[in-house]
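Here are the chains, one letter per residue:
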Amino acid sequence: MDRKGTRMKKENIKVPVNRIIPFSAVDGPGNRTAVFLQGCNLDCKYCHNPETRALCIHCGACVGKCPAGALSIVQEPTDTMGAKKSRVVFDPAKCVACDTCIHTCKHDASPRIQWMNADEVLAEIQKQMPFIRGVTVSGGECMLYPEFLTELFAKCKELGLHTLIDSNGMVDFSLYPDLLAVTDGVMLDIKAFREEDHVRVTGSTNETVLQNAAFLAGEDKLYEIRTVVVRELFDPAEVIVSIAEFLRPFTDIGRLRYKLIAFRPFGVREQYQIYESPDASYMQQLRLVALQAGFKDIVII
Ligand code: SF4
Ligand code: SF4
């Protein structure tokens, strides 16, 4: 903030990029480039990419496990207190994407992060022009980096690209009007409706998530809402009906896309692979619940 209390524009911020998928057909409309940032502010029991949750603490445990020599430890210059520091360095040219490092890491991190600014990410996106319609930034939780998103999306808009944010809704979108101005839509997770259920699933309350859902719906920026269906953690039918009732004052919910995602244990941390994957007939029952609640565009995956 400056002396007048207005938010200062930050540019050229480098953010931790977990990966960039050049072409994706599942991260929004049309062919898109999907950018995944590292770091998350929730601890969902069913997280399929737990290695995106935290930043590397450079413990070095994964370095010796890498079969391709893509990881190494460098000593940093000693700091003013004389303490020695070491850092794990990743060489993407040597990596064979075997994932041994992320299976080794006990900190929900990855050593394969690249710190990139908006221009560097844009340069990767531009390699796909003119074969993409848009860009989706996901995570981890990409709203941990709103200034980066604002800069990247402003540049994407200059190229005529459609822009989507994939978010868990834990950062207040209303604080970032400049970002919303260059964002075409938000794909928002509503992981549970009752507060106690949300705490059980994610470790956090959902007051900000619901506030964001109402705000984005009112601003016509809510592209899609999503709920991962885990019957042992909450009542999915009740969640669908509650979301419909909650959003109805803010938008025509018949225009919203609701994606219902069946829990699958693949990639989930071992202690949370205990939940049942709902079968196709149960997911179809939920589709009917959503239809009766007023949703029309329902996607089951
Ligand atoms: S994924 Fe890449 S960096 Fe990680 S262990 Fe395998 S080769 Fe090494
Ligand atoms: S990725 Fe994990 S195991 Fe590897 S150095 Fe970082 S914190 Fe340690």
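Residues numbered from 1 in each chain as written. Chains lettered and ligands numbered in written order. Predicted model: local features only at pLDDT ≥ 70, side-chain atom pairs only at ≥ 80, totals over all residues. Heavy atoms only, no water.

### Thoughts on the overall build of the protein
At step 1: For the protein, the helix and strand inventory stands at eight helices and 11 strands.
At step 2: A globule of 301 residues ought to have a C-alpha radius of gyration of about 19 Å, and the protein, at 20 Å, matches this closely.
At step 3: Across its three principal axes, the protein shows a C-alpha extent of roughly 65 × 50 × 40 Å.
At step 4: Burial statistics for the protein: of 301 residues in total, 49% are counted as buried.
At step 5: As presented, the protein carries roughly 14,900 Å² of accessible surface, and 52% of it is formed by carbon and sulfur atoms.
At step 6: Side chains of the protein give 35 positive and 38 negative charges; the mean places of these two sets differ by 3 Å. (Helix = DSSP H or I, 4+ residues; strand = E, 2+ residues; numbered from the N terminus. Rg over C-alpha atoms; globule rule 2.2 N^0.38 Å. Buried < 20%, exposed > 50% of the residue type's maximum accessible area, 1.4 Å probe, protein only. Areas by Shrake-Rupley, 256 points an atom, 1.4 Å probe, with all protein chains shown as cover. Lys, Arg positive; Asp, Glu negative; His and termini not counted. Charge placed at Lys NZ, Arg CZ, Asp CG, Glu CD.)

### Describing the pairing of strand E7 (residues 162-167)
At step 1: Counting buried residues in E7 gives six out of six residues, a clear majority hidden from the surface.
At step 2: Burial along E7 is two-sided: the residues His-162, Leu-164 and Asp-166 and Thr-163, Ile-165 and Ser-167 are all buried.
At step 3: Pairing of strand E6 (residues 134-138) with E7 involves four bridges; the strand directions are parallel. Within E7, the position partnered with Val-137 by the bridge is Ile-165. (Pairing = 2+ DSSP bridges.)

### Some points on the pattern of salt bridges
Note on pairing: side chains with opposite charge can pair once their charged atoms come close.
At step 1: This structure, assessed with the given rule, holds 21 salt bridges.
At step 2: Asp-189 serves as the salt-bridge partner of Arg-226, at 2.9 Å between the closest nitrogen and oxygen. Residue Arg-226 is located in strand E9 (residues 222-229), and its partner Asp-189 is located in strand E8 (residues 185-189); the two are separated by 37 residues in the primary sequence.
At step 3: For Asp-189, a relative accessible area of 14% corresponds to the buried category.
At step 4: A salt bridge links Asp-197 to Arg-200, with the nearest nitrogen and oxygen atoms 2.8 Å apart. Here Arg-200 and Asp-197 lie together in helix H5 (residues 195-202), a separation of three residues that amounts to about one turn.
At step 5: Look at Arg-200 and you get partly exposed, because its relative accessible area is 36%.
At step 6: What emerges from the salt-bridge pattern is a single network uniting Asp-166, Asp-189, Lys-191, Glu-224, Arg-226 and Lys-259. (Salt bridge = Lys/Arg side-chain N within 4 Å of Asp/Glu carboxyl O.)

### Some details on helix H6 (residues 207-218)
At step 1: Across its 12 residues, H6 extends 17 Å between first and last C-alpha, which sits within 8% of the 16 Å expected from 1.5 Å per residue.
At step 2: Those residues of H6 not exposed but buried are Val-209, Leu-210, Asn-212, Ala-213, Ala-214, Leu-216 and Ala-217.
At step 3: Contact partners of the buried residues in H6: helix H4 (177-181), E8, H5, E9 and helix H7 (236-247).
At step 4: Positioned one or two residues after H6, Asp-220 has a phi angle of 60 degrees, which is positive. (Expected span 1.5 Å × (residues − 1). Contact = heavy atoms within 4.5 Å.)

### Details of the site of ligand 1
At step 1: Near ligand 1 there are 14 residues, and of these Cys-66, Cys-95, Cys-98, Asp-99 and Cys-101 occur at the shortest range.
At step 2: Residue classes in the shell around ligand 1 are distributed as 11 nonpolar, one polar and two charged. (Near = heavy atom within 4 Å. Nonpolar A, V, L, I, M, F, W, Y, C, P; charged D, E, K, R; others polar.)

### Considerations on the site of ligand 2
At step 1: Neighbouring residues of ligand 2: Cys-56, Ile-57, His-58, Cys-59, Gly-60, Ala-61, Cys-62, Val-88, Cys-105, His-107, Ser-110 and Pro-111.
At step 2: Taken together, the residues of the shell around ligand 2 sort by class into eight nonpolar, four polar and no charged.

### Here we look at the nonpolar core
Note that soluble globular proteins tend to have their nonpolar side chains buried in a common cluster.
At step 1: Within the largest apolar cluster, 73 residues are counted, with the highest numbers of intra-cluster contacts made by Leu-152 and Phe-295.
At step 2: When sequence neighbours within four positions are dropped, the list of residues in contact with Phe-295 reads Ile-225, Ile-240, Ile-243, Ala-244, Ile-253, Leu-256, Tyr-258 and Ala-290.
At step 3: Counting residues in hydrophobic clusters, the runner-up holds nine residues, among them Cys-66, Ala-70, Val-88 and Phe-90. (Core = buried A, V, L, I, M, F, W, Y, C linked by side-chain atoms within 4.5 Å.)

### Quick notes on the domain arrangement of the protein
At step 1: Looking at the protein, the domain boundaries give domain 1 (15-54 + 113-300) and domain 2 (63-104).
At step 2: On a C-alpha basis, the centroid separation for the pair domain 1 and domain 2 is 31 Å. (Domains from an automatic or database assignment.)

### Quick word on the packing of H7 against helix H8 (residues 280-293)
At step 1: It is the contact of H7 with H8, at a shortest axis distance of 9 Å, that shows an interaxial angle of 20 degrees. One finds that H7 runs roughly parallel with respect to H8. In this structure, H7 meets H8 at a crossing whose hand is right-handed. Taken together, the residues of H8 that come into contact with H7 (itself represented by Pro-236, Ala-237, Ile-240, Val-241 and Ala-244) are Tyr-282, Leu-286, Val-289, Ala-290 and Ala-293.
At step 2: In terms of residue class, the contact of H7 with H8 is made up of 10 nonpolar, no polar and no charged. (Axes fitted to C-alpha atoms, helices over the stretch in contact; angles between N-to-C directions. Parallel < 35°, antiparallel > 145°, perpendicular 65-115°, else oblique. Left-handed = near helix turned anticlockwise from the far one by under 90°.)

### Section: the environment of Asn-49
At step 1: With respect to the helices and strands, the residue Asn-49 is situated in the loop between strand E2 (32-37) and strand E3 (71-76).
At step 2: Judged by its relative accessible area of 29%, Asn-49 is partly exposed.
At step 3: As for Asn-49 and Trp-115, which are separated by 66 residues in sequence, their C-alpha atoms are 19 Å apart.

### Let's talk about the sheet that holds E7
At step 1: Pairing is mixed across the open sheet formed by nine strands, whose spatial order is E5-E1-E2-E6-E7-E8-E9-E10-E11. Whereas interior strands pair on both sides, the edge strands pair on one side only; in this sheet they are strand E5 (114-116) and strand E11 (297-300). On average, each strand axis in the sheet is inclined to that of its neighbour by 25 degrees, with strand direction left out of account.
At step 2: Across four bridges, the pairing between strand E10 (residues 257-262) and E11 is parallel.

### Observations concerning the side chain of Thr-33
At step 1: Within the secondary structure, Thr-33 sits in strand E2.
At step 2: Residue classification places Thr-33 among the buried residues on the basis of a relative accessible area of 0%.
At step 3: Those residues in contact with Thr-33, other than ones at most four positions away along the chain, are Ile-20, Ile-21, Pro-22, Ile-125, Gln-128, Ile-132, Gly-134, Val-135 and Thr-136.

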